[in-house]
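Survey of secondary and tertiary structure
Chain by chain, the residues run as shown.
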Amino acid sequence: MAKITLDNLAHSYLPNPTSEDDFALKELNHDWVDGEAYALLGASGCGKSTLLNIISGLLHPSQGRILFNDQDVTQAPTAERNIAQVFQFPVVYDTMTVRDNLAFPLRNRGADASYVAQRVDQIAKMIGMEAELNRKARGLTADAKQKISLGRGMVREDVNALLFDEPLTVIDPHMKWELRTQLKSLHHEFGHTMIYVTHDQTEALTFADKVVVMFDGRVVQIGTPQELFERPAHTFVGYFIGSPGMNLFDAKIDGATAQIAGATVPLGAGYQPGGGKVQVGVRPEFVKLTTAEAGVPARIKRVEDVGRHKIVRLDVEGHEISAIAGEGDTIAATTHRITFDPAGINVYADDWRVAPEGEAA
Ligand code: ADP
Ligand code: MG
């Protein structure tokens, strides 16, 4: 197992990149702590696979270095990195049996037969394929083949890291949950460094200790699910994580108050956002509807009952914003303003969070 260090890493698929836009992966410095489970989360095309393939050695970065336990492996081929990687689509040997597919990485490394047999049985159980061990992979469904790929990724106990690139895409929803649970328990049992790529926030938040959020080739935040919820470092994190995502209001800030849609809003702390586009971000959980005269003017557009709570959609100066109300709350027809719980307020300048005065860096 290994600590993985990314030092000044960046990648462009172009031979002569000239501007930042030419980089699929923008400059990045990060230590992946040995034994942690990470999710790498972001929309399609943001550079997740590029980063994963650089770590595994399928791709050589155009800038910077990768170190495993402080050893430079930037130019080392994949085989020397001792990594297991599972891809979005199955990679199996059709002419081999399920058993031989699972055993392959172990036999390849010269493991002894009794260990191979015992380990293959264990993995077959985890992926729910004990009954199919003697079948040829050919003719199995895509779903079953992907389970074999996952099993093969998990079979070795001595790898430096396990990398998963959207591995559950072709798996049916029920089995998805099951396999994710298995991956988590595998992590608890063996403590491998794991990086799990997904574009699905639920998958990321339920799998990982730490979530690495990417946007447009850049890592915009690395944090626990709670940190991503409470203190989104970038407006994209606020929008991408949460359901519905964080609301953003154009604002003018003077110390500890903001002017939003003609109303004065207390921020709970002082801010010096400097120049650029200034916005106040508030998650729907911290927006309160009020019939009082104080607050930001808002017009109710519709109320969606989603079971556990209600989502109220409102219009503020032509922008739709959301508030979460309790299942039992009645929403008065005279409601025409909203207020914010200061604990749920974040301030942004040009999309990056501005720390309030007094917050530890
Ligand atoms: P993700 O895995 O997050 O969907 P990728 O890492 O696959 O994103 O892609 C990031 C960007 O790099 C995208 O704009 C994509 O089109 C581009 N890209 C990916 N692979 C290649 C390649 N082999 N050659 C050129 N451009 C590529
Ligand atoms: Mg990808």
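Residues numbered from 1 in each chain as written. Chains lettered and ligands numbered in written order. Predicted model: local features only at pLDDT ≥ 70, side-chain atom pairs only at ≥ 80, totals over all residues. Heavy atoms only, no water.

**Section: the overall build of the protein**
In terms of regular secondary structure, the protein is built from 9 helices and 22 strands. Projected onto the principal axes, the alpha-carbon positions of the protein cover approximately 75 × 50 × 35 Å. Split into buried and exposed, the 361 residues of the protein put 50% on the buried side. Pairs at least 24 apart in sequence give 66% of the contacts found in the protein among residues at least 6 apart. Put simply, the protein shows about 16600 Å² of open surface, and 50% of that area lies on carbon and sulfur atoms. Side chains of the protein give 35 positive and 47 negative charges; the mean places of these two sets differ by 5 Å. (Helix = DSSP H or I, 4+ residues; strand = E, 2+ residues; numbered from the N terminus. Buried < 20%, exposed > 50% of the residue type's maximum accessible area, 1.4 Å probe, protein only. Contact = heavy atoms within 4.5 Å. Areas by Shrake-Rupley, 256 points an atom, 1.4 Å probe, with all protein chains shown as cover. Lys, Arg positive; Asp, Glu negative; His and termini not counted. Charge placed at Lys NZ, Arg CZ, Asp CG, Glu CD.)

**Description of the site of ligand 1**
Lining the immediate environment of ligand 1, one finds Tyr13, Ala24, Ala43, Ser44, Gly45, Cys46, Gly47, Lys48, Ser49 and Thr50. In this structure, glycine 47 approaches ligand 1 through a main-chain N or O atom, which is 3.1 Å from an oxygen atom. Within the side chain of serine 49, a nitrogen or oxygen atom sits 2.9 Å from an oxygen atom of ligand 1. Contact with the protein chains removes 52% of the 550 Å² of surface that ligand 1 exposes when unbound. Tallied by class, residues from the shell around ligand 1 come to 4 nonpolar, 5 polar and 1 charged. (Near = heavy atom within 4 Å. Polar contact = N/O pair within 3.5 Å; in protein donor to acceptor, adjacent residues only side chain to side chain. Nonpolar A, V, L, I, M, F, W, Y, C, P; charged D, E, K, R; others polar.)

**Quick word on the pairing of strand β14 (residues 278-282)**
Consecutive side chains of a regular strand alternate in pointing toward one face of the sheet and then the other. The buried fraction of β14 is high, at 5 of 5 residues. Burial of the side chains of β14 extends over both faces: Val278, Val280 and Val282 are buried on one face and Gln279 and Gly281 on the other. Across 4 bridges, strand β11 (residues 247-250) lies against β14 in antiparallel orientation. From the neighbouring strand, phenylalanine 249 faces β14, where its bridge partner is valine 280. (Pairing = 2+ DSSP bridges.)

**With respect to the domain arrangement of the protein**
Considered domain by domain, the protein is made up of domain 1 (4-240) and domain 2 (247-354). Every contact between the two is made by 12 residues of domain 1 and, on the other side, 12 residues of domain 2. Considering only the surface of domain 1 that becomes buried against domain 2, Phe229, Arg231 and Thr235 emerge as the three largest contributors, covering 55% of it. For the interface between domain 1 and domain 2, the tally reads 0 salt bridges. Joining domain 1 to domain 2, the criterion identifies 8 residue pairs in polar contact (both at pLDDT 80 or more). When contributions to the side of domain 1 that touches domain 2 are tallied by element, the ones reaching two or more residues are β10 (218-223), α8 (225-230) and α9 (235-240). Looking at the side of domain 1 that touches domain 2 residue by residue, the class counts come to 6 nonpolar, 3 polar and 3 charged. (Domains from an automatic or database assignment. Buried area = accessible area lost by both parts, 1.4 Å probe. Salt bridge = Lys/Arg side-chain N within 4 Å of Asp/Glu carboxyl O.)

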